[in-house]
Amino acid sequence: MEEITQYQDDLIRLFSRYGLQLGQGIMFLIIGNYIGNKLTKLIKVQIKKKSTNHSLIDFITSLTNIALKVIIFIGAIDMAGVETTSFVAMLGSAGLAIGLALQGSLANIAGGALLLTLRPFKKGDLIEANGHLGNVIEIGLFSTTIRTPRMRQVFLPNGGLAGGVIKNFSSEDLSRVDLPIGISYGANIKEARRVLMDVLNRDKRIIKQDGLPAVVVTNLGESSVDLEVRAFVSVNDYWDFRFETLEACKIALDQNDIEIPFPQRVLHLQREKESLPLELQEY
């Protein structure tokens, strides 16, 4: 009985000593979370007034919310009577260790923040980066997802993406299509140009600008005279125009008997008389 009374007295002393501080810490945590949530919503509303990039808005508000919760938690345990100096030092050491272990992931997060801020492309754009071509599906915090023309999803780490070369084919309304076509050396270049220009002039998708459409000679190759068909079209018509025009050019050249040569070499063999057998030299 005396032991129970002793425990009760100890509990009363502990409660009277730390109860008020504990209550203050709990109240600070509750009120701080309430104010933090309100502040996060206010920041989100203010950012929405200046930006329509939902990915950037979500990233900033999430980062703000996490930072506020960490500050509120440290303040709450401090008010509860817990020594926070060693706790903050321990938290800093843990953060340093985690940062060193997750260097690649942190680089991807930094790259994602840069992509969301600078916006070199947006969702739906056709881009080429890191050797991959496709339409942007999602810009995440760690990686960007694109869908290739073969309907494959490719996940590109944001760290390498932000530090590399990005080609955005959707940043302009127009795109120039370049189609290399070779003709034989015996073919008439002017006639080939006329045939190819007829194909281009019949296509209503072509937008005339900067002297295009045009057919130019780009190279005198080993087996062919290399021509290039150039034309501006809308970005949305790029692939259809490319495939259909390439086929139409081949058909038109065949109908006009203009040869598209395959790679070939001409060999000239010469043998000196002194290298022939003696009985053949007499002839």
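Since we're looking at a predicted model, the values are computed, not measured.

Caption draft 1: Representation of the overall build of the protein within the structure. Across its full length, the protein holds eight helices and eight strands. Of the contacts formed within the protein by residues at least 6 apart in sequence, a portion of 60% connects residues at least 24 apart.

Caption draft 2: Quick peek at the pattern of salt bridges. Enumeration according to the criterion identifies eight salt bridges in this entry. A salt bridge links Asp198 to Arg194, with the shortest nitrogen-to-oxygen separation between them at 3.1 Å. Residue Asp198 and its partner Arg194 are both found in helix H6 (residues 189-201); the two are separated by four residues, about one turn of the helix. Arg194 gets classed as partly exposed once you look at its relative accessible area, which sits at 38%. Close ionic contact of Asp254 with Lys250 constitutes a salt bridge, the shortest N to O distance being 2.4 Å. Taken together, the residues span about one helical turn, with Asp254 and Lys250 both in helix H7 (residues 238-255) at a distance of four residues. The exposure class of Lys250 is partly exposed, given its relative accessible area of 40%.

Caption draft 3: Representation of the sheet that holds strand E7 (residues 214-220). In space, the three strands of this open sheet follow the order E6-E8-E7, with antiparallel pairing throughout. Of all strands in the sheet, those with a lone pairing partner are strand E6 (174-183) and E7, marking the two edges. Each strand of the sheet is rotated relative to its neighbour by a mean of 30 degrees, with strand direction disregarded. Two strands pair when backbone bridges link them, and E6 and strand E8 (residues 225-234) are joined in this way by ten bridges, in the antiparallel orientation.

Caption draft 4: Spatial organisation of the pairing of strand E3 (residues 143-147). Direction of pairing for strand E2 (residues 132-139) relative to E3: antiparallel, over a ladder of four bridges. Residue pairing in the sheet places Asn135 in a bridge with Arg147 of E3. Between E2 and E3, which pair antiparallel in sequence order, lie three residues. Relative to strand E4 (residues 153-157), E3 runs antiparallel, the two being bridged by five bridges. Each bridged residue has a counterpart across the sheet, and for Thr145 the counterpart in E4 is Phe155.

Caption draft 5: Fine view of the nonpolar core. Judged by nonpolar contacts, the single largest core of 24 residues is most densely connected at Leu196 and Val229. Looking at this core, the elements that each hand over two or more residues are E6, H6, E8 and H7. One finds Phe121, Ile127, Val136 and Val154 within the second-largest nonpolar core, a separate group that totals eleven residues.

Caption draft 6: Examining the packing of aromatic side chains more closely. Counted according to the given criterion, the structure contains two aromatic pairs. Taken together, the ring pairs connect Tyr238, Trp239 and Phe243 into an aromatic cluster.

Procedures and definitions
Residues numbered from 1 in each chain as written. Predicted model: local features only at pLDDT ≥ 70, side-chain atom pairs only at ≥ 80, totals over all residues. Heavy atoms only, no water. Helix = DSSP H or I, 4+ residues; strand = E, 2+ residues; numbered from the N terminus. Contact = heavy atoms within 4.5 Å. Salt bridge = Lys/Arg side-chain N within 4 Å of Asp/Glu carboxyl O. Buried < 20%, exposed > 50% of the residue type's maximum accessible area, 1.4 Å probe, protein only. Pairing = 2+ DSSP bridges. Axes fitted to C-alpha atoms, helices over the stretch in contact; angles between N-to-C directions. Core = buried A, V, L, I, M, F, W, Y, C linked by side-chain atoms within 4.5 Å. Phe/Tyr/Trp six-rings, centres within 6.5 Å; stacked < 30°, edge-to-face > 60°.

Shape descriptors only; they carry no functional weight alone.
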